[in-house]
Every structure is written in C-alpha cells, then in structure tokens.
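# Coordinates in review
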Amino acid sequence: MHVTTSGTGRREQPVESEHSEDAQGGTDPATEAFVAHRNLLFTVAYEMLGSAADAEDVLQETWLRWAGVDHAAVREPRAYLVRITTRQALTRLRTLGRRKESYVGAWLPAPLLTAPDVAEDVELADSVSMAMLLVLETLTPTERAVFVLREVFDLGYDEIAEAVGKSPAAVRQTAHRARAHVAARRPRGAVTPAETRDALDAFRRAVETGDLQSLLDILAPDVVLVGDGGGVKQAVLRPIRGADKVARLLLAGILRIKATAALHPTHVNGHPALALHLDDELDSVLAARIDDGRITGLYAVRNPEKLSHMDRETALRR
C-alpha cells in the first residue's frame, strides 16, 4: 500500500498496490478492515470537524496508526478504528478552533454532495445537516465527540470513554449536558425532504423573478443569512437577520449577476439545497434550515476550498 498526494499537497487515502496483497494474492486483513469501514470513519470525522478536507486528513492519520497496530490482538476492528479516528479528530478539532479565531468572516461547514440514499437514514441526514453541524459548533470538542458517538453512532459509554480518554461516568455526564445543549438549539421539528424542496423551489422562483413579496412569504420573520467566503470570495462578514434585510440583499445581489447566474437544485449533506452557477461554474452552495414550512436559516458557502467535495458524491455511513 502506498500514499498518493494530490496537486494541493494534501495526502489522499491509501490506494492498493502490490504491497497491499498477502502472499496468496489477496488484500491483507488490515487494508480490508480499513476499506470496509472507511465511509463510517469519514462520517465520524466530518461530523466532528465540519470540514471534508480535515476529515480526509484524519482518515490518513488513522490509516498510518492502524497500519502499525498488532492486528492479531484487535478483537473488534470497527471499534478500534473509530477510537483512533475520534482521537485524531479531537486533536485536529482543537487546532481548528484556533484557526477559526483568525478566519475572515463567518465560518460554515464544508458542504458535501451526498448520494440520495443518505436521506433515507433520517437520523444520519439530520446529524450532517448544515443546521445541525452549526449547533455542534457550539459544543466543546469533548462534548461534540461524545454527542456524535453516542447520539449518532450509538456507541456504548465504555467505548466512548476509551475514545475520548474519560471515565464512563464522566462520559455519561458529558452526554447529558451535550444532549440538553443541542436540544435547545436544534430545528424545532422534523422536516421531510419534500418540505425542504418545496420551500427552496419557492425561494428560487422568487429570487429568479425578483418577486420581493413572494420571497418575504417564504422567509421566516427572524431568518438569518450566513455567508462564508473565507476572505477569498465576497460574502457577508456578519450574519444578516430579518426577512426584509435578507430579501432585499439577496435580490440586489442576484440583480447584479442575473445575466450569468443560474440556481440549480442539488442535494447537500443529506438534504435538498441550491447550487449557484456563474457562467456554468459552481460559485456557491446555499443550504437552508426550515421550521414550520418557512426558511429560518440560509447558509451560503462561497469559499472555493470548501466546495471541493461538490464535484462528486460522498458516501456517508453509520
């Protein structure tokens, strides 16, 4: 097995070579175990980090550590791999926290173009939604790890304790605290993909036709627009609050680029979303939070580095 390096210098996941095979010509058990659980490990890392690029780096680090383990002594490869991934993600999450302090403007999770089957797992789709990932951002690194492993992946307290380096009793307390914190901030009710699609269709028609009243009708009075250009692309530096302000800003913006702009339905992080193309090139991804049939949150990601996973579907697994 060897490691490839992308044009950006970022290390990619291990790929098979002649060194990946055992003496009988088959793939070695360590590689098989890693590949079998790769999508799960990526999902764990992504939910903890909100960054696809950092999640990929965590998987690379997980592989390097897994390759050096005495696999004959590992009874449950899945649990062992999740433990390595969690520890690496926790280390990177603390580094990310320092990076975000100097980030230009608001920080949003990197959107993923997801396969349609992600939406079939309602709990998984909810856990990777933009709205939920932003809620998870308000947790401490350990709270986030415990919440993700317990509430999303249903790991036992003993397993989580080993992964985060805490006692099972401490993990139970952390889980309770994180659960209460998330419950107070998560979307108010379950929203079906059809409801989200309908709201975004109404939003798209209103924006494309410049219909201010129709746009106000689909936006909740307390809607919040958050933009992320990462200091590379122009975006609102602070959240914009209120339907009238958001609607007028959006219509003014689309008017300036109308000749070259097109909004297309897409599927991001397990939910319907919109992709803005300028001259047929992806410029932005717009995800939404829906409450009671109206849009209460709009999340516009323009930072080119964060759009790198929008050119192919990402498989997420629990």
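The notes below deal with the structure included here.

What counts as what
Residues numbered from 1 in each chain as written. Predicted model: local features only at pLDDT ≥ 70, side-chain atom pairs only at ≥ 80, totals over all residues. Heavy atoms only, no water. Pairing = 2+ DSSP bridges. Helix = DSSP H or I, 4+ residues; strand = E, 2+ residues; numbered from the N terminus. Contact = heavy atoms within 4.5 Å. Axes fitted to C-alpha atoms, helices over the stretch in contact; angles between N-to-C directions. Parallel < 35°, antiparallel > 145°, perpendicular 65-115°, else oblique. Left-handed = near helix turned anticlockwise from the far one by under 90°. Expected span 1.5 Å × (residues − 1). Buried < 20%, exposed > 50% of the residue type's maximum accessible area, 1.4 Å probe, protein only.

## Regarding the sheet that holds strand 6 (residues 294-301)
- On the basis of which strands lie adjacent, the open sheet formed by 6 strands has the order 2-1-6-5-4-3 and mixed pairing. The sheet is open, and its two borders are formed by strand 2 (240-241) and strand 3 (261-268), each paired with just one other strand.
- Pairing between strand 4 (residues 271-278) and strand 5 (residues 281-291): 5 bridges, direction antiparallel. When the sheet's bridge partners are listed, Ala275 is paired in strand 5 with Val285.
- Sheet strands touched by helix 9 (residues 193-209): strand 1 (219-228), strand 3, strand 4, strand 5 and strand 6. Its angle to strand 4, the strand with the most contacts, is close to 25 degrees.
- Helix-sheet contacts for helix 11 (residues 243-257) involve strand 1, strand 2, strand 3, strand 4 and strand 6, and the interaxial angle to strand 1 is about 50 degrees.

## Quick look at the packing of helix 3 (residues 77-101) against helix 6 (residues 141-152)
- At a minimum axis distance of 10 Å, the contact between helix 3 and helix 6 shows a crossing angle of 150 degrees. On the basis of the axis angle, helix 3 is roughly antiparallel to helix 6. Crossing angle aside, the handedness with which helix 3 passes helix 6 is right-handed. Every residue of helix 6 that contacts helix 3 at Val82, Thr86, Leu90, Leu93 and Arg94 is listed here: Pro141, Thr142, Arg144, Ala145 and Leu149.

## Things to note about helix 6
- The terminal C-alpha atoms of helix 6 lie 16 Å apart, and with 12 residues this matches the ideal 16 Å at 1.5 Å per residue to within 8%.
- Along helix 6, 9 of the 12 residues are buried, which leaves the element largely enclosed by surrounding structure.
- Buried within helix 6 we find Thr142, Glu143, Arg144, Ala145, Val146, Phe147, Val148, Leu149 and Val152.
- Taken together, the buried residues of helix 6 touch helix 1 (29-49), helix 3, helix 4 (122-128), helix 5 (130-136), helix 7 (157-164) and helix 8 (168-183).

## Observations concerning helix 2 (residues 52-67)
- Helix length check: helix 2, at 16 residues, gives a terminal C-alpha distance of 22 Å against a target of 22 Å (1.5 Å per residue), a fit within 8%.
- Burial of helix 2 is extensive: 13 of the 16 residues sit out of reach of the surface.

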